[in-house]
Structures are given as C-alpha cells and as structure tokens.
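Each chain, written out:
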Amino acid sequence: QLDPENTGFIGVETFASLVHSHELPLDPAKLDMLVALAQGNDEGQVCYQELVDLISSKRSSSFKRAIANGQRALPRDVLLDETGLGIYKRFVRYVAYEILPCEMDRRWYFYQHRTCPPPVFMAAVTLTQIIVFLCYGARLNKWVLQTYHPEYMKSPLVYHPGHRARAWRFLTYMFMHVGLEQLGFNALLQLMIGVPLEMVHGILRISFLYLAGVLAGSLTVSITDMRAPLVGGSGGVYALCSAHLANVVMVSQGTRGHGAGTGVDGFVGEVGRAVWLRFSPPLPASGPQPSFMAHLAGAIVGISMGLTILRSYEESLQDQCGWWVLLLSYGTFLLFAV
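Since the structure is predicted, the reported quantities are computational estimates derived from the model, not experimental observations.

Reading the values: rules and limits
- The residue numbers shown here count from 1 along each chain, following its written sequence.
- Totals for whole chains, interfaces and linings use all residues, but because this is a predicted model, local features are given only for residues with pLDDT of at least 70 and pairs of side-chain atoms are given and counted only at 80 or more.
- Each side-chain value is worked out from all heavy atoms of the structure, with water and hydrogens disregarded.
- Segments assigned H or I by DSSP are reported as helices when at least four residues long, segments assigned E as strands when at least two residues long, and all are numbered from the N terminus.
- Exposure classes here rest on a 1.4 Å probe applied to the protein chains alone. A residue is buried below 20% of its type maximum, exposed above 50%, and partly exposed in between.
- Contacts between residues were defined by any pair of non-hydrogen atoms, one from each residue, lying within 4.5 Å.
- The method behind every accessible area is Shrake-Rupley, applied with a 1.4 Å probe, and residues are considered shielded solely by the protein chains displayed.
- Between the first and last residue of a helix there are one fewer steps than residues, each counted as 1.5 Å, and that sum is the expected span.
- Note on bend: the value at a residue is the angle between axes fitted to the seven residues ending there and to the seven starting there.
- Only buried residues count toward a nonpolar core. Its members are Ala, Val, Leu, Ile, Met, Phe, Trp, Tyr and Cys residues joined through side-chain atoms within 4.5 Å.
- A pairing counts as a salt bridge when a side-chain nitrogen of Lys or Arg comes within 4 Å of a carboxyl oxygen of Asp or Glu.
- Patches in this entry comprise residues that are over 30% relatively accessible and not in a salt bridge; like charges within 9 Å are linked, as are nonpolar side chains (Val, Leu, Ile, Met, Phe, Trp, Tyr) within 5 Å.
- For this analysis, a ring pair means two rings from Phe, Tyr or Trp (six-membered ring only for Trp) whose centres lie within 6.5 Å, classed as stacked if their planes differ by under 30 degrees, edge-to-face if by over 60, and tilted for the remaining angles.
- Note on geometry: a ring has a charge over it if NZ (lysine) or CZ (arginine) is within 6 Å of the ring centre and within 35 degrees of the ring normal.
- UniProt positions are given in the numbering used here, feature names are shortened, and annotations may be inferred rather than shown by experiment.
- Under the rule applied, a polar contact is a pair of N or O atoms within 3.5 Å (in protein, one hydrogen donor and one hydrogen acceptor; residues adjacent in sequence only if both atoms are side-chain atoms).
- Lines fitted to C-alpha atoms define the axes here, with helix axes fitted over just the stretch in contact, and angles between the N-to-C directions of these axes take values from 0 to 180 degrees.
- Roughly parallel here means an angle under 35 degrees, roughly antiparallel means over 145, roughly perpendicular means 65 to 115, and every remaining angle is called oblique.
- We call Asp, Glu, Lys and Arg charged. Ala, Val, Leu, Ile, Met, Phe, Trp, Tyr, Cys and Pro are nonpolar, and the rest, Gly among them, are polar.
- When the near helix sits turned anticlockwise from the far one by under a right angle, the crossing is termed left-handed; a clockwise turn instead gives a right-handed crossing.

**Student:** How do you make sense of the overall build of the chain when you look at a structure like this?
**Tutor:** When helices and strands are tallied, the chain shows 15 helices and two strands. In the chain, buried positions account for 50% of the 338 residues. For the chain, contacts bridging at least 24 residues in sequence account for 75% of all contacts bridging at least 6. Accessible surface, the chain as shown: approximately 16600 Å² in total, 64% of it carbon and sulfur.

**Student:** Mind showing me how you'd approach helix α14 (residues 293-311) here?
**Tutor:** Every α-helix winds through 3.6 residues per turn, so residues three or four apart in the chain are directed the same way. With 19 residues, α14 should cover 27 Å at 1.5 Å per step; its first-to-last C-alpha distance of 26 Å lies within 8% of that length. The principal kink in α14, of about 40 degrees, is found at Met-305. When you tally the buried positions in α14, you get 14 out of 19 residues, the bulk of the element.

**Student:** Teacher, can you tell me more about the nonpolar core here?
**Tutor:** Of all hydrophobic cores here, the largest spans 78 residues; its most connected members are Tyr-109 and Tyr-210. In this structure, Tyr-210 is in contact with Phe-121, Met-122, Val-125, Gln-129, Met-174, Gln-190, Gly-233, Gly-236, Val-237 and Leu-240, ignoring residues within four places of it in sequence.

**Student:** Please explain the pattern of salt bridges as it appears in this structure.
**Tutor:** For the structure shown, the criterion picks out one salt bridge. Between Lys-154 and Glu-151 there is a salt bridge, and its shortest N-O distance comes to 3.7 Å.

**Student:** In this structure, what is going on with a nonpolar patch on the surface? I would like to understand it.
**Tutor:** The grouping of Ile-130, Leu-134, Trp-143, Val-144 and Leu-180 at the surface amounts to a nonpolar patch, some 450 Å² of accessible area in total. With respect to the helices and strands, the residue Ile-130 is situated in helix α7 (residues 120-140). For Ile-130, a relative accessible area of 33% corresponds to the partly exposed category.

**Student:** Any chance you could explain the packing of aromatic side chains here in plain terms?
**Tutor:** How two aromatic rings sit relative to each other is set out by the distance from centre to centre and by the angle between their planes. The full count for this structure, using the stated rule, is five aromatic pairs. Consider the rings of Tyr-136 and Tyr-152, whose centres lie 5.4 Å apart with planes at 80 degrees: the pair is edge-to-face. One end of the pair, Tyr-136, is in helix α7; the other, Tyr-152, is in helix α8 (residues 150-153), with 16 residues separating them in the sequence. Classification of Tyr-152 as buried rests on a relative accessible area of 1%. Arranged with centres 5.0 Å apart and planes meeting at 50 degrees, the rings of Tyr-159 and Phe-170 form a pair that is tilted. Linking Tyr-159 in the loop between α8 and α9 (169-172) with Phe-170 in helix α9, this pair joins segments that are eleven residues apart in sequence. Per residue, the accessibility class of Tyr-159 equals that of Phe-170, and both read buried. The lysine or arginine in question, Lys-89, covers the ring of Phe-110, its NZ or CZ lying 4.4 Å from the ring centre.

**Student:** For this particular structure, what's the right way to read the UniProt feature "active site" (unreviewed entry) in the chain?
**Tutor:** Under the UniProt annotation, "active site" (unreviewed entry) lies at Ser-234 and His-295. For this annotated set, covering 62 residues, all C-alpha atoms fall within 5.7 Å of each other, a compact arrangement in space. Under the relative-accessibility criterion, Ser-234 is labelled buried at 2%. A distance of 3.4 Å separates a polar atom in the side chain of His-295 from a polar atom in the side chain of Ser-234.

**Student:** What's the story with the UniProt feature "transmembrane region" (unreviewed entry) in the chain in this structure? I'm lost.
**Tutor:** When the UniProt feature table is mapped onto this chain, "transmembrane region" (unreviewed entry) is found at residues 199-221, 228-246, 292-309 and 321-337. When the span residues 228-246 is considered, its composition is 68% helix and 0% strand, and the gap between its end C-alpha atoms is 30 Å. Segment residues 292-309 splits into 94% helix and 0% strand. End C-alpha atoms: 25 Å apart.

**Student:** Explain the environment of Ile-10 to me, please; I cannot follow it from the model alone.
**Tutor:** Relative to the assigned elements, Ile-10 resides in strand β1 (residues 9-11). A relative accessible area of 16% places Ile-10 in the buried class. Filtering out sequence-adjacent residues up to four positions away, Ile-10 remains in contact with Leu-2, Asp-3, Phe-15, Gln-45 and Val-46.

**Student:** Would you explain the packing of helix α5 (residues 87-99) against helix α10 (residues 180-201) in this entry?
**Tutor:** Two measures define how a pair of helices packs: the angle their axes make with one another and the distance between the axes. Between α5 and α10, whose axes approach to 10 Å, the crossing angle comes to 100 degrees. With respect to each other, α5 and α10 are oriented roughly perpendicular. Here α5 contributes Phe-91, Val-95 and Ile-99 to the contact with α10, which in turn contributes Ile-193, Pro-196, Leu-197, Met-199, Val-200 and His-201. For the contact of α5 with α10, the class distribution of residues is eight nonpolar, one polar and no charged.

**Student:** Mind showing me how you'd approach the packing of α7 against α10 here?
**Tutor:** The contact between α7 and α10 brings their axes to 8 Å, and the two run at 165 degrees. By the angle between their directions, the pair α7 and α10 is classed as roughly antiparallel. Of the two possible hands of crossing, α7 and α10 adopt the one that is left-handed. Here α7 contributes Val-120, Phe-121, Met-122, Val-125, Thr-126, Gln-129, Ile-130 and Phe-133 to the contact with α10, which in turn contributes Leu-180, Leu-183, Ala-187, Gln-190, Leu-191, Gly-194, Val-195 and Glu-198. Residues that form the contact of α7 with α10 fall into these classes: eleven nonpolar, four polar and one charged.

Below, the structure is given as structure tokens:
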C-alpha cells in the first residue's frame with residue numbers, strides 16, 4: 001500500500017509513522033541505523049532489502065559503506081555513556097571497545113550479541129595445553145625448561161625435523177611448552193585477546209586464523225631452521241595478536257586496547273627469550289633447542305590474512321576479492337613449504 005509502484009523504497013517519514021502507529025518491536029539501535037542508511041542515499045528513502053538485511057542481522061561491505069557514508073552520524077551517544085547495565089552487558093561493552101576499532105561496529109556487536117555459541121575454542125585449547133603441561137611436569141618432575149629433559153623431546157606431540165612424515169606433529173606441537181614461563185605467556189594472551197576475539201568474530205574465523213598461524217610456524221621452521229624441534233602455541237598466539245594490533249592501528253577510533261598494549265611488551269620479551277634459548281641455552285643439552293621462527297611466521301600470517309578477517313566484521317569473506325588472494329597466497333606457501 002505504501003509502495004504502489006513496487007520500487008522497494010518508501011519515504012523515511014512514512015516508515016517512521018508506520019513504526020509508531022503499529023508499535024513495531026524494532027531494536028532502537030537497528031532503527032537508528034536504518035534511518036542513517038535512508039539519509040545516506042540520494043532520495044532519503046528506506047529500502048526494503050536494507051530493512052530485511054538489518055532485521056536478519058545480515059551485513060555486507062556495501063551495507064557497511066552505506067552506513068559509514070551517511071550524511072549524519074547515528075543519533076545515539078557512544079556506548080560508554082549508557083548507564084544501568086548489568087555485569088554481563090558491561091563485559092560485552094568492554095569486549096566491544098577492546099576488539100572493535102569503529103564505534104558503529106561496537107554498537108552493532110553490543111546490541112546483536114548472543115551468548116550462544118560461547119567462545120569455546122580458545123578456552124579448550126588453553127585448557128588442553130595446561131593439562132598436557134601438568135601431565136609431563138608430574139611425570140618428569142620438571143616444571144621449568146622441560147625441553148632439557150630427553151624424554152620430553154621424545155613426545156609424539158613435539159614437532160621434530162627427524163619426524164616430518166608424522167604429519168600430525170605440524171599441529172600438535174602447540175600443546176607442548178618449554179616451561180611454565182612460555183605456557184603462562186601464551187595462556188594469558190589466549191584468554192585476554194583470543195577469547196574476546198572469538199566472542200566478536202566467531203569460532204570459525206578465529207580457529208582458522210589460530211591454526212593457520214600454528215601450521216605456518218611449523219612449516220617455516222621446517223625450511224629455515226631444519227635442525228631445531230618446535231614446541232608451544234606461539235605461532236597461533238602471534239597470528240591472533242598481530243592481526244588485532246594491526247586492525248587497531250589501521251582503523252583506530254578510540255579503541256582502548258589495553259590487552260593489545262600488553263601484548264606488544266610481551267612480544268619483545270617472548271621473542272628475546274626464544275632466541276636466547278635457541279642460540280645460548282643456559283644448560284648443556286643433547287641437541288638444538290626449540291626454534292623461534294614460529295613466532296615470526298605467526299605474526300606474518302596475522303598481519304596479512306588475519307587483518308582481512310578482523311576488518312571484515314560481520315561481512316562475508318567469500319564476497320571479497322582480497323580474501324581469495326590471501327587464501328591463494330597462503331595455499332601457495334603451504335605447497336612450497338611441503
């Protein structure tokens with residue numbers, strides 16, 4: 001009735017009166033975004049397809065650009081001004097400001113966030129790493145520099161150049177750690193940065209990015225440091241953290257990024273420790289100590305592939321040409337390394 005010519009558009013005033021007269025239960029934040037979209041186009045009209053996409057929480061790069069290029073900002077104040085929030089909602093707001101650099105994305109995440117599915121991947125990986133560490137610590141009675149124990153390096157989980165045919169080792173080494181220091185650093189970053197990233201971007205994207213960093217780390221060691229074994233989840237951790245840091249730096253709009261700042265300081269110390277253990281071990285060992293090249297490989301994966309994943313919040317990666325270029329580049333690296 002409001003669109004007799006079936007154009008797919010109606011005036012924004014007509015739509016506002018429709019919502020008011022029928023008392024439609026629309027999310028106020030989504031309604032604000034729809035109005036901003038309408039004021040961003042030439043006709044100042046509400047598009048039916050944009051309404052459908054908005055209500056179904058579907059976004060695309062063109063949809064995001066339309067909002068960003070609107071003639072005025074969304075009328076509400078920033079999330080930090082909202083009062084009376086419960087503990088969980090305050091935590092969600094904290095995650096939004098730590099992870100997402102754009103105010104519009106923060107608001108979108110805050111209002112459409114759902115508790116299901118929970119961020120189980122990073123929590124499960126961290127828990128498994130702790131259990132494996134405790135089992136080997138109790139068995140060997142050694143909690144620091146475990147790699148100096150011969151039996152530890154014979155584990156079927158450790159990546160070792162002499163056992164490249166056992167392909168599972170290229171991934172399972174992430175559950176083994178040099179000692180309490182490395183485990184503590186990786187677990188801290190996985191919980192402080194990995195879990196919030198998974199809450200925002202979902203289990204599929206973050207697990208893919210983490211495992212891509214882990215696999216790139218072991219393959220890089222296999223062609224650059226061919227005598228050294230490899231333990232620890234640093235490849236995956238560095239992929240997540242470097243992607244988050246790069247995203248914050250490139251698109252920063254007031255992101256607090258306390259965890260990111262902590263990660264930068266920790267990166268320097270962690271890489272320095274790894275280099276020191278590799279070339280100047282404190283104790284004599286029967287063979288080379290674990291390589292540090294996985295750190296660098298993970299960082300490169302994060303800055304390249306991970307940056308695209310995190311910048312495409314709530315958008316389809318399959319529709320982006322850059323994503324396929326990066327995926328092809330990563331696949332070419334894997335073939336070359338193998």
